[in-house]
Amino acid sequence: MIHSSLQLPRPGLQSAAGSTSVPLPAAPSPQASGAGRIEISAVSHRFTDTPVLRDITVTLTERRIGIIGANGSGKSTFARLLNGLLVPDRGRVVVDGLDTARDIKAVRRKVGFVFQNPDNQIVFPTVAEDLAFGLKGLGLGRAERAEMVTQMLARFGLEALADQSAHKLSGGQKQLLAIAGVLITKPACVVFDEPTTALDLRNTRHIAGVIAALSETAIVVTHDLDLISGFDRVLVFDAGRIVADDTPARAIAEYLRRMQ
Amino acid sequence: MAAKPNPTLDIVYIALFAALTAALALFPPLTLPVIGVPITAQSMGPMLAGAILGARRGALAMVLVIALVAIGLPILSGGRGGLGVFAGPTVGFLLGWVPAAWVTGLLHELGWRQLTSISSFTHAAVGGIVVLYAIGIPVLAFQAGLTLKAAAVGSMTFIPGDLIKAALTAMIAVSVKRAWPIIRPAAEPSA
Amino acid sequence: MSALAALLRRAPAGAKLAALAIAGTGVMAIADWRVMVDLALLAALAFRLAGCGTDALGRQLRPMLWMLAALFLVQGWLVDWATAALVVARIVTLVLLAALVTLTTPAEAMIATIERLLAPFVRFGVDPGRVGLAFSLALRFIPVIGEEAERVREAQAARGLGHHPLALILPLIVRVLKSAEDVAAAIEARSGHDDPGRAAPSRSVW
């Protein structure tokens, strides 16, 4: 049961542009069958007095979904609803039948979250320790955990860095570690919050390749239009509302028009 | 924003303030022209932890700093660390960080609603100087076999520096209260 | 590697800490300054034999050299020179023995020992797992915050504010507080923790 998603081609070998709207073949992961459906119904949310999301209703089922919009448009808040990091003031978010307001633990197992700044996401001093962190609460044996860590290190080409201080990694390596730390718990879906914002072109392409090669569902919030150009569906946020929900080409065109 | 208790966030605050206190050792010490005693930024750690995180989290952050020193990290100013520190004569001024942060934090919580730089300075001075010295001086006297009076006189050279630190802490506490308040004010009968 | 070095490195952290506690109590019973000075020299010798080297010895003692010298003079002047030698030798002995334990025990072994020692306190509400998490987080963020401090210092120097301590510390603290919320969110997102304090999501009270 462990080796579900670990037998993929090594990330990075696959070019980002190579991923079209055809979903990648899903590896038979235990949750893959239930990875399907995130329903957001009539959701509104505000911070103190500022509304950030206004009455949003949308159902997400595609394997690659992009979310774009200006700074402050509400897209990051929206992303945080999807795994229960935020519970909306009004409305409901339901992941495969689980309400984020009630079944928070189960939702978090299903939906992983990669933050913009890997420095805030890596919480243990060394690479291997950090990878092992997500496995702690899962009731696995020590040997089994070590095996999963080793496999994940190999999958991301981090073997040589296992006992290195995470602080010494490059920006690109840190983001890889952050992603690996989420994937190791085998979520069915991963939400990325601006995963390439802090990276140079080369690392951006590498991370794009990693995302393209995932067997898991990926929902990516970004300003990087190339990253989502091959996705199945793209949502455009503006002032707390979804103003376009379409193919990448048309959604990006609408976004660019609004940015004029 | 959310004033709701969040244990994970509390652990993070505690760990980050322990790390911050360690990082303060990296700031170059100021030397006061008249007295000639170097003032290290690090001993602001307990005052800052109390004034910003409050009594409980501030004190726990200092417990963590001391534990990190004990397991051997060279995080005290001058690169000191390890159990050897605890055999030294000034260990009371390290262990005293815990009650110092706690008292500083408690006073800030009690006076949170009407906090001014003056009141914050007083709170920091009571916690970070009065309480700290009340522990540091007897320990110094015991460890070094001095009379209390001799230990107290010897410690007085650090008071001017610590007053400056209390003043800096007050300015920081008031700014942080405005920009990013963390302390939950002590329960008061609502007027 | 000498036999002592091998022994010290292999001994469990708990045993070394216990031995240190016993030694710390034991030296208090010694009243003859000559015995105490001999013990201090023995401790220094043990330091060398354990492979910790003269450098490490210097690093331990140098920061307290002035303190010890002043102490020696004050004691000698106020009490007598035998007491002065006794007190100083006692401090040096304990500092060296303690440093010996620290230098031969990796930090992870110490943390594991602390978690074990805390086990009996579970019934008083102490959670060893949380303590371990706090240690790990601090170890992780000491270099991160150190680097941030350096960056803030450069930025302020570029603006000509280099000497004001407030200009250095305030931005550092605000950054630390801001990242704390992200770090906590990341921990919750990754660990599937649902802590009791947040289980009931009543976010609608604004």
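For clarity, every value in this text was computed on a predicted model and none was experimentally measured. (Residues numbered from 1 in each chain as written. Chains lettered and ligands numbered in written order. Predicted model: local features only at pLDDT ≥ 70, side-chain atom pairs only at ≥ 80, totals over all residues. Heavy atoms only, no water.)

Caption draft 1: A look at the sheet that holds strand S7 (residues 189-193) of chain A. All names here are of chain A. On the basis of which strands lie adjacent, the open sheet formed by six strands has the order S6-S7-S8-S3-S9-S10 and mixed pairing. Where the open sheet ends on each side, the last strands, each with one partner, are strand S6 (111-114) and strand S10 (241-246). For this sheet the average axis-to-axis angle between neighbouring strands, irrespective of direction, equals 20°. With five bridges connecting them, strand S3 (residues 64-69) and strand S9 (residues 233-238) associate as parallel partners. Residue pairing across strands places isoleucine 67 opposite leucine 235, the latter belonging to S9. With respect to the sheet, helix H7 (residues 201-213) is in contact with S3, S7 and strand S8 (217-221), its orientation differing from that of S3 by roughly 135°. (Pairing = 2+ DSSP bridges. Helix = DSSP H or I, 4+ residues; strand = E, 2+ residues; numbered from the N terminus. Axes fitted to C-alpha atoms, helices over the stretch in contact; angles between N-to-C directions. Contact = heavy atoms within 4.5 Å.)

Caption draft 2: A look at the pattern of salt bridges. Residue and element names in this part refer to chain A. Here the structure, examined in full by the defined rule, presents 21 salt bridges over all chains. Between arginine 257 and glutamate 254 there is a salt bridge, with its nearest N and O atoms 3.0 Å apart. Placement of both arginine 257 and glutamate 254 in helix H9 (residues 248-259) is noted, with a separation of three residues, approximately one turn of the helix. The class for arginine 257 is exposed, based on a relative accessible area of 52%. (Salt bridge = Lys/Arg side-chain N within 4 Å of Asp/Glu carboxyl O. Buried < 20%, exposed > 50% of the residue type's maximum accessible area, 1.4 Å probe, protein only.)

Caption draft 3: Expanded view of the interface of chain B and chain C. On the chain C side, the residues contacting the 55 residues of chain B number 59 residues. At the junction of chain B with chain C, the criterion picks out zero salt bridges. Counting residues per element, the ones that place at least two in the side of chain B that touches chain C are helix H1 (7-24), helix H2 (45-53), helix H3 (55-70), helix H4 (84-87), helix H7 (117-144) and helix H9 (159-179) of chain B. Looking at the side of chain B that touches chain C, the element that brings in the most residues is H1(B), giving 14 residues. When grouped by side-chain class, the residues that make up the side of chain B that touches chain C number 42 nonpolar, eleven polar and two charged. (Nonpolar A, V, L, I, M, F, W, Y, C, P; charged D, E, K, R; others polar.)

Caption draft 4: Local environment of the sheet that holds strand S5 (residues 98-99) of chain A. All names here are of chain A. Ordered by their spatial adjacency, four strands build an open sheet running S2-S1-S4-S5, and the pairing between neighbours is antiparallel. In this open sheet, the two strands that pair with only one neighbour each are strand S2 (50-60) and S5. Where strand S1 (residues 38-47) meets S2, seven bridges bridge the pair, whose relative direction is antiparallel. Among the inter-strand pairings, phenylalanine 47 is bridged to a residue of S2, identified as threonine 50.

Caption draft 5: A look at a positive patch on the surface. Residue and element names in this part refer to chain A. A contiguous patch of positive charge, built from Arg46, Arg54, Arg90 and Arg241, is present on the exposed surface. As for its position among the elements, arginine 241 is in strand S10. Taking the relative accessible area as the measure of exposure, arginine 241 reaches 44% and is therefore partly exposed. (Patch = residues over 30% accessible without salt bridge, like charges linked within 9 Å, V, L, I, M, F, W, Y side chains within 5 Å. Areas by Shrake-Rupley, 256 points an atom, 1.4 Å probe, with all protein chains shown as cover. Lys, Arg positive; Asp, Glu negative; His and termini not counted. Charge placed at Lys NZ, Arg CZ, Asp CG, Glu CD.)

Caption draft 6: Broad picture of the UniProt feature "transmembrane region" (unreviewed entry) in chain C. Within the UniProt annotation, "transmembrane region" (unreviewed entry) is assigned to residues 65-88 and 94-114 of chain C. The span residues 94-114 of chain C is 86% helix and 0% strand, and its two end C-alpha atoms sit 21 Å from each other. (UniProt positions renumbered as here; feature names shortened; annotations may be inferred.)

Caption draft 7: Structural context of the interface of chain A and chain C. Taken together, the 32 residues of chain A in the interface contact 29 residues of chain C. Where chain A abuts chain C, roughly 2,700 Å² becomes buried across the two surfaces, and 59% of that area is made up of carbon and sulfur atoms. Considering only the surface of chain A that becomes buried against chain C, Arg108(A), Asn120(A) and His167(A) emerge as the three largest contributors, covering 24% of it. At the surface where chain A touches chain C, the tally comes to three salt bridges. Measuring nitrogen to oxygen at the nearest pair gives 2.7 Å for the salt bridge that ties Arg140(C) to Asp119(A). For the pair chain A and chain C, the interface holds six residue pairs in polar contact (both at pLDDT 80 or more). Looking at the side of chain A that touches chain C, the elements that each hand over two or more residues are S1, helix H2 (104-110), helix H3 (118-121), helix H4 (127-133) and helix H6 (171-183) of chain A. (Buried area = accessible area lost by both parts, 1.4 Å probe. Polar contact = N/O pair within 3.5 Å; in protein donor to acceptor, adjacent residues only side chain to side chain.)

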